[in-house]
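Listed below, chain by chain, are the residues.
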Amino acid sequence: MKDLLSAEDTNDIQSWIYSGYPHLPKSTYAFLRIDDQIRARQFLKGIPWQISSATKSRNRQAQSHQVLNVAFTAMGLLALGIDDETVEKFPIEFQEGMNAPHRGAFLGDISPGGKPDHTVRDYAASAVHLLFACHFISASVRDSWISKFQRDSSAGGLSLVGLELGELADSGKEHFGFKDGISNPEIHGFKGAGSATGEFILGYPNEQGCMPVSPLLSPESDPHDLLPPAMCDNRNMRDLGRNGTYLVFRKLAQDVSAFWNFIADDCRRRLGRAEPADLVWLASKLVGRWPNGVSLVEAPHFDAYSEIMQERLKAGSLNDFTYGQTDTSGHRCPFAAHVARMNPRDRIQGLSESEALGTTARHRLLRRGRRYGPELFDLKILDTPESWNRLQQLFQSRPEAQDTTRSDRGLFFIAFCANIREQFEFVQRAWGNNPHFNSAKGSQDPLIGTNSSITPGRSGIPIPDRDGGITTGLVPQAVSFRGGGYFFLPSIAAFRWICHGK
Amino acid sequence: MPRSGFVALIPVAPGRLEELERVLLSWGNDVLLEDEGGLKPDAFVDFRDQQFIHFMRFALLKVDNEQRLLITADFDLEIHDFLEFLRRKTTCPDAIWGLCVGWRKEIDFSLWFLNFVVVPEATYIAFPGVTLQRVNQAVALFKFRDEVLSGRFSPRRQGITEAARILVRVDCLFRAAFFIRNAAKSAYRTIGLLFSRKLDLSRQEMRLLWEGGRRVASSLNRVWWIRAFNILSRNPAPVAVPIWSSARPPFHRLTSFAGYPAEDSVFQNQLTLLTSFPAAEEARLRGVLRSIDLYARGLAFPGSLLGIATIHTVRWTILPDCHGVPGRIWLLMTSNYDGSWDSYISEFCARIFSGLDAIWGCAEGAPPAGARDIPAFKEFLRTRQIPAAVFYSAYKGGSVSFTRMALTLRPVNRLIAGLVG
Ligand code: HEM
C-alpha cells in the first residue's frame, strides 16, 4: 500500500509537490482567463516542456533559476472545451470553487446570513481559469519572465486577471514576525516515510487505504494514450487525476499593527504594563512557536542562548516534537495556539496519543505559502531580547499612526491536498474556526479564525498554566481573506491531455 | 430518580405538516445557536426551564410517505411523570398535539403518547444512572477547584490554595478508584445480563448475535480485550485493499450542505438518521444491534463507546409497522454528541468502520467500499440525515470527556470545596 513512486511517476509529477523551492526566494502567481479557446490551447501545448517535474527537483544539479507550475480551475477546464461530463467527475468542492456562497459561509469568509464579511475581493475568482505559478532566483529574472509572459499569453488568447508577487524572506518569517514554513508532512512515495502518498497525490491510496476522488475516463476519451491506467479495480479506465493534486490558494491580508497592538493592549489590560518580554511571550503563545521557530513545547521559556534553543536552531530540527508526552495540559503550548489547532499532532481531547496521531494524519496540508508586501518593521528584532525594546517603542502608542500602508501585506496561503473537503476545509472549519475544538473554550484560531461578530458568545484565547492561566481579550481580525480559489494541479501527462482535448 | 429516555414517532394528521413545522421552528434550536430570546411563542412546550432533561429533540420525518413527528428525550424521571410534565408545559395543545393523529382534548395525554413510543434495538448512554443534577454539581465543583487553584478565589487565604495543590497531586488515586469501581460494575452488569431472562434467545438469534458482534469487533484491535476476543475467536481484521472513493457528483452535488451549515460551531449536536434496508437483512441487523446493545449495557465504561468519547447518547430503532413499500425496513438512529459533525463522522469512519459497515453495509445507497471511503460515507449520511426542528441540550459547555473528568474527580473536588468551607 505504501510504495515508493516509480521513476515514471516522479517524472510526471509537477515539482512543486516535491519542493517549496527554498532556493528560489521570489515568486509570481499569474491568474489568467481564457478568451480564445483555440489559441489558448495552442499556447498551452508548448507549456509542458517548461514545467519541471519532481525528478528534476530531486536531482539538485538540474535546479534552474526559474521553475514553472500550472494549475486549472474547473471553469478553466470548461473554457478549454473539456466536456461537462468529465468536469463533473471532479469533486464538488473543486467544481464549485472557494467563492461559492455556501462554501464561503462554510469557511467563515462570509457570514451565514450571506452578508459578505469581506467585501473586498482583489479579483473575481470566478473569472480565473488558470494559475501560472513561477518561482525565481532573483527579482530581475522574475521581471524579465513577467514581461515575456505577458506578451506571449496575450498572443495566446489569454488575459491576465491578476498578477501577484510573493517572496520568501531570508529569515523565513511571515509578517507578524514568526518563522513560517517549518512543519510540512513528508510524502511516503518520495521519502519512504511519512504520510500515505494518496493524502497529497491523486491516484494512490490515502491513510484510509482509499483512493481519493479522481476523474476516471474511458479509454475512448484518450485516443493518444496520454493518460496512465487507473489502479486497483478500475484498470480498464484512464486516470486523469493520477500524479496530480488539488491546490488551495488564499490571499490573506495581515494587519500587522492590529495584531501587535492587540498584544500590547492585552498585556496592559492584564498586567498594567507592556514590557517587551510580555509582548513576545503572549504573541508566541498565540502562534505556538517562538519568533525564531523553536516550539514552545521544547523551550517553554524564551532564552535565546539556552542550550536547547541554540541546538535546535543550529541543527534546523525545529519540528521533532509532539505535544502528548510533554505537554498534556497545554501549559507550554496552549491548545488554542495556531499551530496546535492546525496540526494537533498527538494531542486531541478524548483521544489517546496514537489515536490522535491517526486522526491528524488524515487532515494534513502540504503548505507552499509565500508572503507578499514589505515588512512593517524589521522582523529580525524579535529573535534577540536585546532588540525587543524596539518593539515596545513601535507599539506603545495607538496603532493608527504607525501603519500608513495598512493591509498592503500578507500571506499567499497555498496548500496541496488530495481531498479539499477533508483536509483544507476540515482544518479551517472543524479545527480553526470551531470554538469548541480541543479545550478552545469558545475561542477561534487566534490568527485565522473568523474572529468577528459571526460567532455568538465568542471568547478570548485561553492560555493555561499550572495556576489556572489567563484568557486574553477578544482577538481582532488581523487576517482577512482577499480572494482565492481551488485549483487542479495536473500531472504533466494530464496537462498534455487537457491541451489536446478529446 | 432513574434516568430514562424514549424515542416516539407520532403520525402527523394529513395536511397539517406545514402548520406543525411552523410551530416547531419557532421554539429555538441549539444547533442553529438560536435562542427564543425571551419571546415565547403562542403554541409552545416550555420544557427548557428545568433541572432534569439532558437532551430533547423534535423533528419531522417521512417514512414511506407517512409524515411523522419524532420526539426523543433523555431525562431523570419516570416516563409517566415526564409525559405529565410535557402536558403541563404545553401552552396551546390544539396547535401542537392537535396536529397529530388521534389526539383530542378529552383523552389521557400519557396514554395517547405511549402508543407511539418505540423500543430501541440498541441504546448507549455515556453516563447511565447519573442524573443531570449530579453532573451539574460535579462540573460546578470542578470549576470551583480551578478557581481555588488559580489563587484568584481567595488571594488572602494562600494556605487553602496550597492545600488544594497538594490534594490535586493525588488525582491519580481517584482516577484509579474510579476505574476500579467501573471495571467491577461492568463485570457485574455483564454477568447479570448474561444470566438475565432478557437474553432468552433462540439458537438462530444467538448465532446472529455472535456473528454481529464479531463483525463489529473485527477492526477494533486497538482495544486490548477486543484484540484478545478477535484472536481467540479467529476474527481477522478486514483486509485493507485500496479502493476507489465512490463519492461522485451529482449525488454529491445535491447534498453537500443539506442539514445545518453551522454544525461545526456548536458544543452539542444531534444526528437523526433514517436509513432503509431490504427486509431480508432484518434478522442480521437485529443481531448486530443487539450485540452493540449488550456491550453498551454491560461492558462499556462511562463516557466511552469503544474508545469514542464524543457520544452522550445514541439509540438505534428499527421502525415498526411501516408498510409503504413491502420488502423494506427502516432504521432510525438518533444521537447526541459533542462538537463538529465533520469530526464526529470522520472519527467513527476511521476508528470503528467495521462497526459502521456491520450496521450500514447493506443499507440502500451505502457506498460499496463502506465507511472506509469517508467522503462517500459522509455523503451517504448527509442525504439521509433529518434536521431537527427543535434541539435542546443541557450540557452547555460540558463535553463527554469533561463530564467524565468532573465525575471522576468529584470526591477530590468535594474535599477542596470542604477546605474552603
Ligand atoms: C496569514 C495567515 C497565517 C499566518 C500568519 C500563519 C502563520 C503560521 C506560522 C508562524 C506557523 C508556524 C510555522 C510552521 O510550523 O511551519 C504556521 C503553521 C501552520 N499553519 Fe499557518 N498561518 C496562516 C494561515 C494558515 C491557514 C489559512 C492555514 C490552513 C487552513 C494554516 C495552516 C497551518 C499549518 C497546517 C501549520 C503547521 C502546523 C504544524 O504542522 O505544526 N495557516 N502558520
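Being a predicted model, the structure only gives us computed values, none of them experimental.

### Details of the overall build of chain B
So, point 1. Scanning chain B for helices and strands turns up 15 helices and ten strands.
So, point 2. Contacts spanning at least 24 positions in sequence make up 79% of the contacts within chain B whose residues lie at least 6 apart.
So, point 3. Carbon and sulfur atoms provide 59% of the accessible area of chain B, an area that totals close to 18,400 Å².

### Structural notes on the overall build of chain A
So, point 1. The secondary structure content of chain A amounts to 18 helices and 14 strands.
So, point 2. Whereas a compact globule of 502 residues would reach a radius of gyration of roughly 23 Å, chain A reaches 23 Å, a difference of no more than 12%.
So, point 3. Taken across its 502 residues, chain A has 61% of its residues classed as buried.
So, point 4. By sequence separation, contacts in chain A at least 24 residues apart represent 73% of the contacts at least 6 residues apart.
So, point 5. Accessible area for chain A stands at about 18,500 Å²; split by element, carbon and sulfur atoms hold 51% of it.
So, point 6. Of the side-chain charges in chain A, 55 are positive and 56 negative, and the distance between the mean point of each set is 2 Å.

### Things to note about the domain arrangement of chain B
Residues and elements named next belong to chain B.
So, point 1. Entries for chain B in the domain assignment read domain 1 (1–118) and domain 2 (120–254 + 268–392 + 399–421).
So, point 2. Taken together, the contact between domain 1 and domain 2 spans 37 residues of the former and 39 residues of the latter.
So, point 3. Interface of domain 1 and domain 2: buried area, both sides summed, is about 3,200 Å²; carbon and sulfur atoms make up 59% of it.
So, point 4. At the boundary of domain 1 and domain 2, one finds one salt bridge.
So, point 5. With a shortest N-O distance of 3.0 Å, Asp 74 and Arg 315 are connected by a salt bridge.
So, point 6. Linking domain 1 with domain 2 are twelve residue pairs in polar contact (both at pLDDT 80 or more), by the criterion used here.
So, point 7. Contributions of two or more residues to the side of domain 1 that touches domain 2 are made by strand E1 (4–11), helix H1 (17–25), strand E2 (53–63) and strand E3 (66–75).

### A few points about the sheet that holds strand E8 (residues 311–318) of chain B
Residues and elements named next belong to chain B.
So, point 1. Across the sheet, which stays open at both edges, the four strands sit in the order E5-E8-E9-E7 with antiparallel pairing between neighbours. The sheet is open, and its two borders are formed by strand E5 (122–125) and strand E7 (268–278), each paired with just one other strand. Between one strand axis and the next, the sheet turns by 10° as a mean value, whatever way the strands run.
So, point 2. Helix-sheet contacts for helix H10 (residues 282–297) involve E5, E7, E8 and strand E9 (328–338), and the interaxial angle to E5 is about 25°.

### Observations regarding a nonpolar patch on the surface
Residue and element names in this part refer to chain A.
So, point 1. A cluster of nonpolar side chains, namely Leu 160, Leu 163 and Leu 165, defines an oily patch on the protein surface of about 210 Å² accessible area.
So, point 2. By the element assignment, Leu 163 lies in strand E4 (residues 158–167).
So, point 3. A relative accessible area of 32% means that Leu 163 is categorised as partly exposed.

### Section: the site of the ligand
All names here are of chain A.
So, point 1. Around the ligand, 27 residues are found, and the nearest of them are Ile 182, Ser 183, His 338, Arg 345 and Arg 367.
So, point 2. Separating an oxygen atom of the ligand from a side-chain N or O atom of Asn 343 is a distance of 2.9 Å.
So, point 3. When residues of the shell around the ligand are traced back to their parent elements, those giving at least two are strand E8 (245–254), helix H14 (338–342), strand E11 (410–417) and helix H17 (421–433).
So, point 4. A per-element tally of the shell around the ligand places H14 first, with three residues.
So, point 5. Here the shell around the ligand is composed, by residue class, of 14 nonpolar, six polar and seven charged.
So, point 6. Residues lining the shell around the ligand come from more than one domain, with at least three contributed by each of domain 1 (7–184 + 488–500) and domain 2 (255–363 + 374–412 + 428–484).

### Quick notes on the pairing of E11 of chain A
Residue and element names in this part refer to chain A.
So, point 1. Most of E11 sits out of view: eight of its eight residues are buried.
So, point 2. Strand direction decides the pairing type here: E8 and E11, joined by eight bridges, are antiparallel. Residue pairing for E11: Leu 252 is matched across the bridge by Leu 411.
So, point 3. As judged from the two bridges shared by strand E9 (residues 366–367) and E11, these two strands associate in the antiparallel manner. Of the residues in E11, the one forming a bridge with Arg 367 is Ala 415.

### Remarks on the confidence of the model for chain A
Residues and elements named next belong to chain A.
So, point 1. In the predicted model, chain A carries a mean pLDDT of 85, and 91% of its residues have values of at least 70.
So, point 2. Taken element by element, chain A is modelled with least confidence in helix H8 (residues 101–107), mean pLDDT 75, and with most confidence in E9, mean pLDDT 96.
So, point 3. Counted against residues more than four places away or in other chains, residues 112–122, with its pLDDT under 50, gives 25 contacts.

### Considering the nonpolar core
Residue and element names in this part refer to chain A.
So, point 1. In terms of nonpolar packing, the biggest core is built from 104 residues, with Leu 44, Phe 132, Trp 260 and Phe 424 touching the most fellow members.
So, point 2. In terms of residues, this core owes the most to one element, helix H11 (residues 256–271), which gives seven residues.
So, point 3. Split by domain, the residues of this core number at least three in each of domain 1 (7–184 + 488–500) and domain 2 (255–363 + 374–412 + 428–484).
So, point 4. Not counting residues within four places of it along the chain, the set of residues in contact with Trp 260 comprises Phe 176, Phe 178, Leu 279, Ala 283, Phe 377, Leu 382, Leu 391 and Phe 395.

### Digging into the packing of aromatic side chains
All names here are of chain B.
So, point 1. Scanning the model with the defined rule gives 50 aromatic pairs over all chains in all.
So, point 2. Ring centres 5.3 Å apart and planes at 90° place the aromatic pair Phe 142 and Phe 402 in the edge-to-face group. Of this pair, Phe 142 sits in helix H4 (residues 132–150) while Phe 402 sits in helix H14 (residues 400–408), and the two are 260 residues apart along the sequence.
So, point 3. Given the relative accessible area of 8%, Phe 142 is considered buried.
So, point 4. With relative accessibility at 19%, the residue Phe 402 sits in the buried group.

### Points about the domain arrangement of chain A
Residue and element names in this part refer to chain A.
So, point 1. Entries for chain A in the domain assignment read domain 1 (7–184 + 488–500) and domain 2 (255–363 + 374–412 + 428–484).
So, point 2. If you look at the interface, domain 1 gives 32 residues, while domain 2 gives 41 residues.
So, point 3. The junction of domain 1 with domain 2 conceals about 2,900 Å² of combined surface from both sides, 66% of it contributed by carbon and sulfur atoms.
So, point 4. When the buried area of domain 1 at its contact with domain 2 is split by residue, His 175, Phe 176 and Phe 178 rank highest and sum to 30% of it.

### Structural notes on the side chain of Asp 76 of chain B
So, point 1. Within the secondary structure, Asp 76 of chain B sits in the loop between E3 and helix H2 (79–89).
So, point 2. A polar contact of 2.8 Å, which involves the side chain of Asp 76 of chain B, links it to the backbone nitrogen of Leu 132 of chain B.

Quick notes on the rules
Residues numbered from 1 in each chain as written. Chains lettered and ligands numbered in written order. Predicted model: local features only at pLDDT ≥ 70, side-chain atom pairs only at ≥ 80, totals over all residues. Heavy atoms only, no water. Helix = DSSP H or I, 4+ residues; strand = E, 2+ residues; numbered from the N terminus. Contact = heavy atoms within 4.5 Å. Areas by Shrake-Rupley, 256 points an atom, 1.4 Å probe, with all protein chains shown as cover. Rg over C-alpha atoms; globule rule 2.2 N^0.38 Å. Buried < 20%, exposed > 50% of the residue type's maximum accessible area, 1.4 Å probe, protein only. Lys, Arg positive; Asp, Glu negative; His and termini not counted. Charge placed at Lys NZ, Arg CZ, Asp CG, Glu CD. Domains from an automatic or database assignment. Buried area = accessible area lost by both parts, 1.4 Å probe. Salt bridge = Lys/Arg side-chain N within 4 Å of Asp/Glu carboxyl O. Polar contact = N/O pair within 3.5 Å; in protein donor to acceptor, adjacent residues only side chain to side chain. Pairing = 2+ DSSP bridges. Axes fitted to C-alpha atoms, helices over the stretch in contact; angles between N-to-C directions. Patch = residues over 30% accessible without salt bridge, like charges linked within 9 Å, V, L, I, M, F, W, Y side chains within 5 Å. Near = heavy atom within 4 Å. Nonpolar A, V, L, I, M, F, W, Y, C, P; charged D, E, K, R; others polar. pLDDT = per-residue confidence, 0-100. Core = buried A, V, L, I, M, F, W, Y, C linked by side-chain atoms within 4.5 Å. Phe/Tyr/Trp six-rings, centres within 6.5 Å; stacked < 30°, edge-to-face > 60°.

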